Amino acid sequence: MSAQDILLSSQEQNEGQDEIARDVARTATALSIHETVQRFGSANAEYVKGYRGVDNVTGQRLAKGLVDIAKHKVNDDPHYATQNIKQQAGFSAEVATTSRDNAEAIISKSKVRSSRTDDLPEYGKNHNVVDRVQLLDGQVIDGSQSQMKFVGNRNQLLDDIAKEDGKFSRYRGTKLELPTEQFEGDRSHVLEEAKKLRERAERAASDPSKAAHAEKLRSQADKLEQRAASADFQPEPASEYCRKQAQQRRANADKVEAKGEPETAAKLRREADNYDELAEKVSDSGLTTEDAIYYRKHPGAATLLDIGRTAHRAGLEGAKFGAIIGGSISVLQNCLAVAQGEKDASEVFEDVAVTTAMAAALGYTTAFAGSAIKGGMQQSGNQFVRQLANTSAPTLAINVCLSLGSSVKRFVTGEIDEAQLLIEVGEKGAGMLSSGMMAAVGQLAIPVPFVGAAIGGMIGYTLSSMFYQVALDAARGAKLSRQQLMRVQAIEAAARNRIALEQAQLNAFVNREIPQLRQETQDLLAALYSANSQDADALASSINHYTTLLGKKLQFQNLMEFDDFMSSDTPLVL
C-alpha cells in the first residue's frame, strides 16, 4: 500500500469517526426530547381525533367530526347558503374548541378533559341547554357545563337570556361561550352590528309604512360606525354590557317603585340579578366567527394549522433540550481536545457556541416533526402503528433521516461510492434500532425524564457504530477477495438482524414482565406493611412467591420448616 493510500485511508477513518460523533450527538439530542415529542404528539392526536370523529385509541366514535360537519348540505340559494354555513360553523366550533382544550390539558399535564355532550350518553343528542362539559376521571365536573353560541347579534342574545320572558332563559346558570370578537366587543364586532342594522333598515324601507323605523335603524348604524372609527374607541366586553344592563334595570326599578308599581320593580331587579350572573358566566370560546367558518369550510387545512402551531411549540421546547445536550457534549469534547493538545483554548468558545446553536436547531426540527408524526401515529387505524407511537420511533425516525441525509449528500457529491452508501445506510439503520433498545434499558436504569434515555441511546449508537466501523474496515481490505467481501456483508446483515431481534425481545420483556413485577412488588410491600406476629406463615408465603419471580427459591417455605432446621444439624444455605 502506497503512502498516498495510507493517507487517504487515515482521512476516511477520521471522517468516519467524525460522522459517528455527529450521529451520537444527534441521537442523544433526539432521545433527550422524547418526553416532549410524546406530550405534544398526544396533543396533536386530539386534532386528528376531532377531524375524523373517531378515537382509535379507545375505539369511541364521536357524534360528529369536522370532516362530517363539512359534508352537511347547503342551500343552493346564496343567501340561505350563507346562513347554513354560519349555523353549521357553530358545530365545527364546538369540535375545534374541544380539541384545543384537550390538547392544552395534555401539554400542561392536566387530567381534566373536555367533551361535547353529544358524545356523552347521559346527555344524549342535541341537548337543549348544555353543549360542552369538563370531565375528571370520567366524571362531569359540577359547574363546568357550558353553552356555545355563535350568533349574529350578541346583545340580543344576552338580553334573551337575562330577561324573564327571553326565549333563551333556559341558559341561565350555565356558562356561555362566545366568539372572541363578540366577547371582547372589539371594532370588528361593532362594525358587524352596524352592518346588520343597515341590512334591517333596507328591508324595512321596502315598506312605506316603516320608513320611520328604517331611518331609526340607519341612525343607530351611523352611531356605531362613528364609535368604531373614533381614535379613543373603547371596546365593550360582553361582561361589561351585562353589568351596565343590570345597573340600568335597578335604576329603572327604583323609578317605577316610586310610582307605586312594586311588581314591575321586582321584575326589573330579578332581571338585573340575571344580568349580573350572566356577566360572571360569559367567556371567550377561543375562536372567532371567522375561525369557526374556516373550520366548517376547510376542516383539513384548519386541522393542519392546529397541528403546525402545536408542533412549533414542541419545537421551541425541543430546541432548549437540544441546546443543553448538544452544548454539554461539545464542552466535553472540546475540553478533551484541549487537554490532548489538538485545539487551542481560544477555539473552544466559538466551537461550543456553533455546536450549541446547531443542536438547538436540531432539537427544534426533531421535536416539531416528531410531535406531528406521533399525533398521526397515535390515531392510526393500525394497532401496531399506535403501539409504535408510544416508543421512541417518532423521534428516532427523524434522527435517522437527518443522519442518512449527510450520507446521501456525500454520495451525490462523489465523496463515497455506491457500496459505501449502502454500508452507511445499514450502519445508521442498525444504529437506530440499537439506540432504541439501549434507550429503553437506560430509562429503566435511570428513571429521570430524559437522562436515562439519552445516555442509553448514546451507548447503543456508539456500540453499533463501532461494530460497523470494524466491518467497514474489513470490507475495504477485502476488495481483492469477492468471497471475503460477501462474508463481511453477511456478517453485517446478521448483525442488523440480531439487533432487531434483541430490540423485539427487550420490548416484549418490558411489556410483559415490568407490569407484573411492579404489581407483585406492591403486593409484597402491602404484606410486609400489614404483617404481625399471628401470620408469619402468610408473610413467608408472600416472600417465597416473590423470590420465584426472580428465579430463586428460599431454603424455608414456612415457620415449621424453620423450626425443624433449628433443631437439626443441617447447614444454612445462603
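Preceding block: the structure.
Residues numbered from 1 in each chain as written. Predicted model: local features only at pLDDT ≥ 70, side-chain atom pairs only at ≥ 80, totals over all residues. Heavy atoms only, no water.

**Student:** Help me out: how do you make sense of the overall build of the chain in this one?
**Tutor:** Across its full length, the chain carries 20 helices and 8 strands. Looking at the chain residue by residue over its 574 residues, the buried ones come to 39%. Restricting the contact set of the chain to residue pairs at least 6 apart, pairs at least 24 apart contribute 64%. Carbon and sulfur atoms make up 57% of the accessible area of the chain, which totals about 31,800 Å². (Helix = DSSP H or I, 4+ residues; strand = E, 2+ residues; numbered from the N terminus. Buried < 20%, exposed > 50% of the residue type's maximum accessible area, 1.4 Å probe, protein only. Contact = heavy atoms within 4.5 Å. Areas by Shrake-Rupley, 256 points an atom, 1.4 Å probe, with all protein chains shown as cover.)

**Student:** Looking at this structure, how should I read the packing of aromatic side chains?
**Tutor:** Describing an aromatic ring pair means giving the distance of the ring centres and the angle of the ring planes. Applying the stated criterion across every chain yields a total of 2 aromatic pairs. Between the aromatic rings of Phe168 and Tyr171, the centroid separation amounts to 5.4 Å while the plane-to-plane angle is 20°, which identifies the pairing as stacked. We note that Phe168, like Tyr171, is buried. When the centroid spacing of 5.9 Å and the interplanar angle of 25° are considered together, the rings of Tyr364 and Phe368 count as stacked. Of this pair, Tyr364 and Phe368 both sit in helix α13 (residues 345–378), 4 residues apart, which is roughly one turn of the helix. Judged by relative accessible area, which is 31%, Phe368 ranks as partly exposed. Its end group placed over the ring of Phe91, Lys64 keeps NZ or CZ at 4.4 Å from the ring centre. Residue placement shows Lys149 over the ring face of Phe168; its charged tip is 4.8 Å from the ring centre. (Phe/Tyr/Trp six-rings, centres within 6.5 Å; stacked < 30°, edge-to-face > 60°. Lys NZ or Arg CZ within 6 Å of the ring centre and 35° of its normal.)

**Student:** In this structure, what is going on with the environment of Ala81? I would like to understand it.
**Tutor:** Structurally, Ala81 can be placed in helix α4 (residues 78–107). Judged by relative accessible area, which is 14%, Ala81 ranks as buried.

**Student:** What is the right way to read unusual backbone geometry from this model?
**Tutor:** In terms of backbone geometry, most residues other than glycine have negative phi values and most peptide bonds are trans. At Lys109, a position not held by glycine, the phi torsion is positive, near 65°. Topologically, Lys109 is positioned in the loop between α4 and β3 (112–116). Of note, the phi angle at Asp137 is positive, near 55°, even though the residue is not glycine. Within the secondary structure, Asp137 is located in the loop between β4 (132–136) and β5 (139–140). For Asp137, a relative accessible area of 66% gives the class exposed.

**Student:** Just checking my understanding: could you explain the packing of helix α11 (residues 289–297) against helix α12 (residues 299–339) for this structure?
**Tutor:** Two packed helices can be described by the angle between their axes and the distance between those axes. The geometry of α11 relative to α12 is characterised by a closest axis approach of 5 Å and an angle of 120° between their N-to-C directions. Where α11 abuts α12, its residues Tyr294, Tyr295, Arg296 and Lys297 lie against Pro299, Ala301, Ala302, Leu305, Asp306 and Arg309. Of the residues contributing to the contact of α11 with α12, the split by class is 6 nonpolar, no polar and 4 charged. (Axes fitted to C-alpha atoms, helices over the stretch in contact; angles between N-to-C directions. Nonpolar A, V, L, I, M, F, W, Y, C, P; charged D, E, K, R; others polar.)

**Student:** Help me out: how do you make sense of the nonpolar core in this one?
**Tutor:** In a soluble, globular protein the nonpolar side chains are often hidden away together inside. Ranked by internal contacts, the top residues of the largest apolar core, which has 23 residues, are Leu158, Ile161 and Leu176. For this core, the secondary-structure elements that each account for two or more residues are β4, α5 (154–162), β7 (175–178), α9 (238–258) and α10 (262–281). When near neighbours in sequence (up to four residues on either side) are disregarded, Ile161 contacts Phe168, Ser169, Tyr171, Arg172, Leu176 and Leu278. (Core = buried A, V, L, I, M, F, W, Y, C linked by side-chain atoms within 4.5 Å.)

**Student:** Can you walk me through α9 in this structure?
**Tutor:** One full turn of an α-helix is made of 3.6 residues, so residues set three or four places apart face in the same direction. Taking 1.5 Å as the rise per residue, α9 with 21 residues should run 30 Å; its terminal C-alpha atoms sit 31 Å apart, in good agreement. Once α9 finishes, Gly260 follows within two positions and takes phi at roughly 85°, a positive value. (Expected span 1.5 Å × (residues − 1).)

**Student:** How do you make sense of the pattern of salt bridges when you look at a structure like this?
**Tutor:** Pairing of side chains with opposite charge becomes possible as their charged atoms draw close. Counted by the stated rule, this structure contains 25 salt bridges. Salt bridges sharing partners connect three or more residues here, namely Glu35, Arg39, Lys109 and Glu317. (Salt bridge = Lys/Arg side-chain N within 4 Å of Asp/Glu carboxyl O.)

**Student:** Any chance you could explain the packing of α12 against α13 here in plain terms?
**Tutor:** Where α12 contacts α13, the axes come no closer than 5 Å and their chain directions differ by 150°. One element, α12, and the other, α13, form an angle in the roughly antiparallel class. Between α12 and α13 the crossing geometry is right-handed. A class-by-class count of the residues in the contact of α12 with α13 yields 17 nonpolar, 13 polar and 1 charged. (Parallel < 35°, antiparallel > 145°, perpendicular 65-115°, else oblique. Left-handed = near helix turned anticlockwise from the far one by under 90°.)

**Student:** It is not clear to me how the environment of Ser371 should be interpreted in this structure. Could you clarify?
**Tutor:** One can find Ser371 in helix α13. What makes Ser371 buried here is its relative accessible area of 0%. Separated by 326 residues in sequence, Ser371 and Ala45 have C-alpha atoms that sit 9.2 Å apart. Contacts of Ser371, omitting those with residues within four sequence positions, involve Val37, Phe40, Gly41, Asn44, Ala311, Ala314 and Thr366.

**Student:** Before we go on, may I ask you to explain the side chain of Glu94 in this structure?
**Tutor:** Mapped onto the elements of the fold, Glu94 is located in helix α4. Take Glu94: its relative accessible area is 7%, and that puts it in the buried class. Side chain to side chain, Glu94 and Arg116 meet in a polar contact 3.0 Å long. Those residues within four positions of Glu94 in sequence are excluded, and the remaining contacts are Arg116, Asp131, Arg132 and Met148. (Polar contact = N/O pair within 3.5 Å; in protein donor to acceptor, adjacent residues only side chain to side chain.)

**Student:** I'm lost on the environment of Glu225 in this one. Help?
**Tutor:** Summarising the element assignment, Glu225 is placed in helix α8 (residues 211–229). For Glu225 and Glu192, which are 33 residues apart along the polypeptide, the C-alpha to C-alpha distance reads 9.4 Å. Discounting chain neighbours no more than four positions away, the residues touching Glu225 are Leu191, Ala194 and Arg198.

**Student:** Quick question: what am I supposed to make of α8 here?
**Tutor:** In this model, α8 (19 residues) spans 27 Å end to end at C-alpha, consistent with the 27 Å of a helix rising 1.5 Å per residue. Within the span of α8, buried status applies to Ala214, Leu217, Ala221 and Ala228. Here the buried residues of α8 occupy an arc of 60° about the axis, which is enough to place them on one side. Turned more than 90 degrees away from the buried face of α8 sit Ala212, Lys216, Lys223 and Gln226, all of them exposed. Looking at the buried positions of α8, the neighbouring elements they touch are α7 (187–205). (Arc of directions from axis to C-beta.)

In short, geometric facts, not functional conclusions.
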